[in-house]
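Listed here are the chains, written in short residue letters.
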Amino acid sequence: DTGVSQDPRHKITKRGQNVTFRCDPISEHNRLYWYRQTLGQGPEFLTYFQNEAQLEKSRLLSDRFSAERPKGSFSTLEIQRTEQGDSAMYLCASSLTEVGYTFGSGTRLTVV
Amino acid sequence: GESVGLHLPTLSVQEGDNSIINCAYSNSASDYFIWYKQESGKGPQFIIDIRSNMDKRQGQRVTVLLNKTVKHLSLQIAATQPGDSAVYFCAERMDSSYKLIFGSGTRLLVRP
């Protein structure tokens, strides 16, 4: 499979716990993006990497959120001290240029 | 599977008819526009894109129209099929930016 892969597909966690999601982009894509999508809404931009450099973080990304892409390949998104408002679909996308995004199937987070 | 959006505007069409999905975008500086299709439990899937120096672009069974004067984008699907049933999002990107800004989505239901 040469698409964008996200793991896990679903995560249920108790409020206050930390969670980490992984994204494996298309192998030749140097750009990687994280988006968040809540029910009934379009995806909202969270952060962007070009290779291993994190070039932008949205104001949506509070201090409890951190994303890394240590070797310019896979990326992780960690949420510390989860809150119920963090419940959403977390989508990863990658691209080779500024166009041509490919999205993964997302990680559905439910905070109980 | 999961529902992408519970309270989205819905367009219901008869199988074989043409569908038109509309979108109003927000930023006159946007130079690139994309239509995505999202099925339940999946990430957005690229359908067609258009740059701001064009007003029409055609793909296989799909056409995108761009009216920059009124900041309006539309997606036309010819001979709509049951497999076209999904939520459709438009997205815009401002010149020299890398993040996409998504609209709120329209659910397309195809009646057999």
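### Points about unusual backbone geometry
Item 1. Cis geometry is adopted by the peptide bond preceding P8 of chain A, which originates at D7 of chain A and carries an omega value of -5°.
Item 2. Here P8 of chain A is to be found in the loop between β1 (5–7) and β2 (10–13).
Item 3. Of note, the phi angle at N51 of chain A is positive, near 55°, even though the residue is not glycine.
Item 4. Here N51 of chain A lies in the loop between β5 (44–50) and β6 (53–57).
Item 5. By relative accessible area, which is 34% here, N51 of chain A ends up partly exposed.
Item 6. The phi dihedral of A79 of chain B is positive, around 50°, even though this residue is not glycine.
Item 7. Tracing the backbone through its elements, the reader meets A79 of chain B in the loop between β7 (72–77) and β8 (86–94).

### As for the packing of aromatic side chains
The relative placement of two aromatic rings is captured by the distance of their centres and the angle of their planes.
Item 1. Applying the stated criterion across every chain, the model contains 15 aromatic pairs over all chains.
Item 2. Measuring from ring centre to ring centre gives 6.0 Å for Y35 of chain A and Y101 of chain A, while their planes differ by 70°; the resulting arrangement is edge-to-face. Of this pair, Y35 of chain A sits in strand β4 (residues 31–37) while Y101 of chain A sits in the loop between β9 (88–95) and β10 (102–103), and the two are 66 residues apart along the sequence. The burial state of Y35 of chain A is the same as that of Y101 of chain A; both residues are buried.
Item 3. Considering the side-chain rings of Y48 of chain A and Y98 of chain B, the 4.0 Å spacing of their centres and the 20° angle between planes classify their relative orientation as stacked.

### Observations regarding the pattern of salt bridges
Item 1. Applying the stated criterion across every chain yields a total of eight salt bridges over all chains.
Item 2. Notably, a salt bridge pairs R64 of chain A with E83 of chain A, separated by 3.4 Å at the nearest N-O pair. In this pair, R64 of chain A is assigned in the loop between β6 and β7 (65–68) and E83 of chain A in the loop between β8 (75–79) and β9, connecting sequence segments 19 residues apart.
Item 3. Its relative accessible area of 40% is what places E83 of chain A among the partly exposed residues.
Item 4. Two residues, K42 of chain B and E39 of chain B, come together in a salt bridge whose shortest N-O distance is 3.7 Å.
Item 5. A single salt-bridge network, built from bridges that share partners, covers R64, E83 and D86 of chain A.

### Overview of the sheet that holds strand β6 (residues 62–67) of chain B
All names here are of chain B.
Item 1. Here we have four strands laid out as an open sheet, ordered β2-β7-β6-β5, and antiparallel in their pairing. Looking at the sheet topology across the chains shown, the edges are occupied by β2 (19–24) and β5 (56–58). Averaged over all adjacent pairs, the angle separating strand axes in this sheet is 15°, with direction ignored.
Item 2. The pairing of β2 with β7 spans six bridges and is classified as antiparallel. Counted as the bridge partner of I20 is Q76 from β7.

### Topic: the confidence of the model for chain B
Item 1. Per-residue confidence for chain B gives a mean pLDDT of 90; residues scoring 70 or more make up 94%.
Item 2. Ignoring residues within four places in sequence, the model shows residues 1–5 of chain B, a span with pLDDT below 50, making 21 contacts including any to other chains.

### A word on the interface of chain A and chain B
Item 1. Of the residues lining the interface, 24 residues belong to chain A; the matching set on chain B comes to 22 residues.
Item 2. Both faces combined, the contact of chain A with chain B buries some 1,900 Å², and carbon together with sulfur accounts for 54% of it.
Item 3. Of all residues in chain A, the largest losses of buried area upon contact with chain B belong to G40, Y101 and F103 of chain A, amounting jointly to 23% of the total for that side.
Item 4. Linking chain A to chain B there are one salt bridge.

### Some thoughts on the state of the cysteines
Item 1. The tally for this structure, following the rule as stated, stands at two disulfides over all chains.
Item 2. In this model, C23 of chain A is linked to C92 of chain A through a disulfide, with the two sulfur atoms separated by 1.9 Å. Disulfide C23 of chain A-C92 of chain A: the torsion about the S-S bond is -70°, which places it as left-handed. Within this pair, whereas C23 of chain A is found in strand β3 (residues 19–24), its partner C92 of chain A is found in strand β9, the two being separated by 69 residues in sequence. For the pair formed by C23 of chain A and C92 of chain A, the shared burial category is buried.
Item 3. The disulfide that involves C23 of chain B links it to C90 of chain B, with 1.6 Å between the sulfurs. Here the residue C23 of chain B occupies a position in strand β2, and C90 of chain B occupies one in strand β8, the gap between them amounting to 67 residues.

Analysis parameters
Residues numbered from 1 in each chain as written. Chains lettered and ligands numbered in written order. Predicted model: local features only at pLDDT ≥ 70, side-chain atom pairs only at ≥ 80, totals over all residues. Heavy atoms only, no water. Helix = DSSP H or I, 4+ residues; strand = E, 2+ residues; numbered from the N terminus. Buried < 20%, exposed > 50% of the residue type's maximum accessible area, 1.4 Å probe, protein only. Phe/Tyr/Trp six-rings, centres within 6.5 Å; stacked < 30°, edge-to-face > 60°. Salt bridge = Lys/Arg side-chain N within 4 Å of Asp/Glu carboxyl O. Pairing = 2+ DSSP bridges. Axes fitted to C-alpha atoms, helices over the stretch in contact; angles between N-to-C directions. pLDDT = per-residue confidence, 0-100. Contact = heavy atoms within 4.5 Å. Buried area = accessible area lost by both parts, 1.4 Å probe. Disulfide = S-S within 2.5 Å.

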